[in-house]
Amino acid sequence: MKVIVLAGSNRKAASSRNLAQAIVLQIREKGHEAVLVDLYGQPLPLFDPDQDYSGNPIVEELLAVFYLAQGIVLVSPEYHGTISGVLKNALDFLVYEHFDGKPVLSAASSGGVAAFGALNQLQSIVRNLHGINSPEWISVGSSERATDTNGEFVEPRVQSRIRQATDYFLKLAIQLGK
C-alpha cells in the first residue's frame, strides 16, 4: 500500500515535521510504502483558481502522488486554532478525486496543550474532499513535542499514541482496499 504523508509547515525545525517523519517510519515498519511530501522543502506557488499550473513540476508532482495514493496522512502545526496556511494552500490544489474513498489520518502539533482546532479543521476538509477520516488522530502539544538529537519524540506516551493511531489508520486502509 502507498501512503502519502503531507507535512504542512514552512518552519525549518517544525515539530509537525518530526511528527510526520515518525508516522512515515511507523508506516514503513509495517511494510508499507510511505512518501513524505514536505512543503518546507517543496514550496508551492500561491493557489489561484484562474491560473494554469500545467508545466509547474512541483504542482504536477503533488497532484500525481496524491492521485496514486491509497492512503493519506495530513500533518499540520496549529496556528491560531487552525491549520497552517501552507497546508491549506496545498490542499486547495487538490480535488475530490485525490481523496475520494481514501482513508486519511490527521495529525497536528501545537505549542499549547493540544491541537484540536487544527485537527477538527483537517477532518472537515477531508469530508469535503470525500476522504474517509480515520477515527483516530494524533495531537502533540506543549512539552510533548520534545525530541532527541535524531528528531524522535522522547515522551513514551507520544510514541505510543503515534503507533496506536497509525496502526489503526493502516488497518482501516487495508479494510477499505479489499
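Residues numbered from 1 in each chain as written. Predicted model: local features only at pLDDT ≥ 70, side-chain atom pairs only at ≥ 80, totals over all residues. Heavy atoms only, no water.

(A) Inspection of the overall build of the chain at higher detail. Of regular secondary structure, the chain possesses six helices and five strands. When the helices and strands of the chain are placed in sequence order, the string is β-α-β-α-β-α-α-β-α-β-α. The C-alpha radius of gyration computed for the chain amounts to 15 Å, which stays within 12% of the reference 16 Å derived for 178 residues, consistent with globular compactness. The proportion of buried residues among the 178 residues of the chain is 47%. Summing over all exposed atoms, the chain offers an accessible surface of approximately 8,800 Å²; the carbon and sulfur share of this is 50%. Side chains of the chain carry 15 positive and 18 negative charges; the gap between the two charge centres is 7 Å. (Helix = DSSP H or I, 4+ residues; strand = E, 2+ residues; numbered from the N terminus. Rg over C-alpha atoms; globule rule 2.2 N^0.38 Å. Buried < 20%, exposed > 50% of the residue type's maximum accessible area, 1.4 Å probe, protein only. Areas by Shrake-Rupley, 256 points an atom, 1.4 Å probe, with all protein chains shown as cover. Lys, Arg positive; Asp, Glu negative; His and termini not counted. Charge placed at Lys NZ, Arg CZ, Asp CG, Glu CD.)

(B) Molecular detail of the sheet that holds strand β3 (residues 71–77). A sheet is described by the order of its strands in space; here five strands give the open sequence β2-β1-β3-β4-β5, paired in parallel fashion. Looking at the sheet topology across the chains shown, the edges are occupied by β2 (33–38) and β5 (132–141). Ignoring which end each strand starts from, the neighbouring axes of this sheet average 15° apart. As paired strands, β3 and strand β4 (residues 103–110) are joined by six bridges and run parallel to one another. Paired with L74 across the strands is S106, a residue of β4. Running at roughly 165° to β5, helix α6 (residues 156–177) makes contact with β1 (2–7), β3, β4 and β5 of the sheet. (Pairing = 2+ DSSP bridges. Axes fitted to C-alpha atoms, helices over the stretch in contact; angles between N-to-C directions. Contact = heavy atoms within 4.5 Å.)

(C) Just helix α2 (residues 57–68), in detail. In this model α2 runs 16 Å from its N-terminal to its C-terminal C-alpha over 12 residues, within 8% of the 16 Å that 1.5 Å per residue would give. Three or more residues of α2 are buried, namely V59, L62, V65 and F66. All buried residues of α2 fall inside an arc of 140° around its axis, so they share one side. For α2, the exposed residues lying more than 90 degrees away from the buried face are P57, Y67 and L68. Looking at the buried residues of α2, the elements they touch are β1, β2, β3, α3 (85–93) and α4 (96–99). Sitting at the amino-terminal end of α2 is N56, which places a side-chain oxygen 3.0 Å from the backbone nitrogen of I58. (Expected span 1.5 Å × (residues − 1). Arc of directions from axis to C-beta. Polar contact = N/O pair within 3.5 Å; in protein donor to acceptor, adjacent residues only side chain to side chain.)

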